[in-house]
Amino acid sequence: MQIVLKRVYSPYGVNGELYVKHRLLCNSIELPWLDNQVGKSCIPEGEYTLKLRYSSRFKWHLHLLDVPDRELILIHPANDALKELLGCIAPVSALSGPGRGTASVVAFNKLKQIIYPVLKRRERVSILITSK
């Protein structure tokens, strides 16, 4: 299965749309593009394999593997990229500004319902990140 993230860049944050099977599932927010700087920038466009990951902070969430020069890039809930993200991707139900959105937990739960069963069957899930 492949998820597609189509980005729109701004100096204040990146907004995107997450598609599953060519259907818009939700929006997304990220940090602005700052040349892949750790903790300050969104990650480079490309295709990344996803896996399930657990932490005490986020509970079950998604981990992007093999991101160039980056570690622990995750997909998890957040509503303000500049305040809550360090390079990760946050699904949101609606966009409220560059790098900002609303009802992230609701959007993340929609994504989980689709992806988690596929990953639990040990099937490959990837995310393709492109410009809109």
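One can find the structure itself at the top, above this paragraph.
Attention here is on the structure that accompanies the text. (Residues numbered from 1 in each chain as written. Predicted model: local features only at pLDDT ≥ 70, side-chain atom pairs only at ≥ 80, totals over all residues. Heavy atoms only, no water.)

### Structural notes on the pattern of salt bridges
Here comes step 1: Applying the stated criterion to the full structure yields 4 salt bridges.
Here comes step 2: Notably, a salt bridge pairs Lys132 with Glu17, separated by 3.1 Å at the nearest N-O pair. With Lys132 in the segment after β10 (126-131) and Glu17 in strand β2 (residues 14-20), this residue pair connects regions lying 115 residues apart in the sequence.
Here comes step 3: A relative accessible area of 60% places Lys132 in the exposed class.
Here comes step 4: A salt bridge links Arg124 to Glu47; its shortest N-O distance comes to 3.8 Å. (Salt bridge = Lys/Arg side-chain N within 4 Å of Asp/Glu carboxyl O. Helix = DSSP H or I, 4+ residues; strand = E, 2+ residues; numbered from the N terminus. Buried < 20%, exposed > 50% of the residue type's maximum accessible area, 1.4 Å probe, protein only.)

### Some details on the packing of aromatic side chains
Here comes step 1: If you walk through the whole model with that rule in mind, you get 1 aromatic pair.
Here comes step 2: Geometry around Tyr19 places Lys6 over its ring, the cationic atom sitting 4.9 Å from the centre. (Phe/Tyr/Trp six-rings, centres within 6.5 Å; stacked < 30°, edge-to-face > 60°. Lys NZ or Arg CZ within 6 Å of the ring centre and 35° of its normal.)

### Focus on the pairing of β2
Here comes step 1: Summarising burial for β2: 7 of the 7 residues are buried, a large majority.
Here comes step 2: Burial of the side chains of β2 extends over both faces: Val14, Gly16, Leu18 and Val20 are buried on one face and Asn15, Glu17 and Tyr19 on the other.
Here comes step 3: Linking two consecutive strands that pair antiparallel, namely strand β1 (residues 2-8) and β2, is a turn of 5 residues; a positive phi of about 160° is found at Gly13 within it.
Here comes step 4: Strand direction decides the pairing type here: β2 and strand β3 (residues 23-30), joined by 7 bridges, are antiparallel. Its bridge partner lying in β3, Glu17 is registered against Asn27.
Here comes step 5: With antiparallel pairing between neighbouring strands as the criterion, β2 and β3 make up a hairpin whose turn holds 2 residues, including Lys21 at a positive phi of roughly 55°. (Pairing = 2+ DSSP bridges.)

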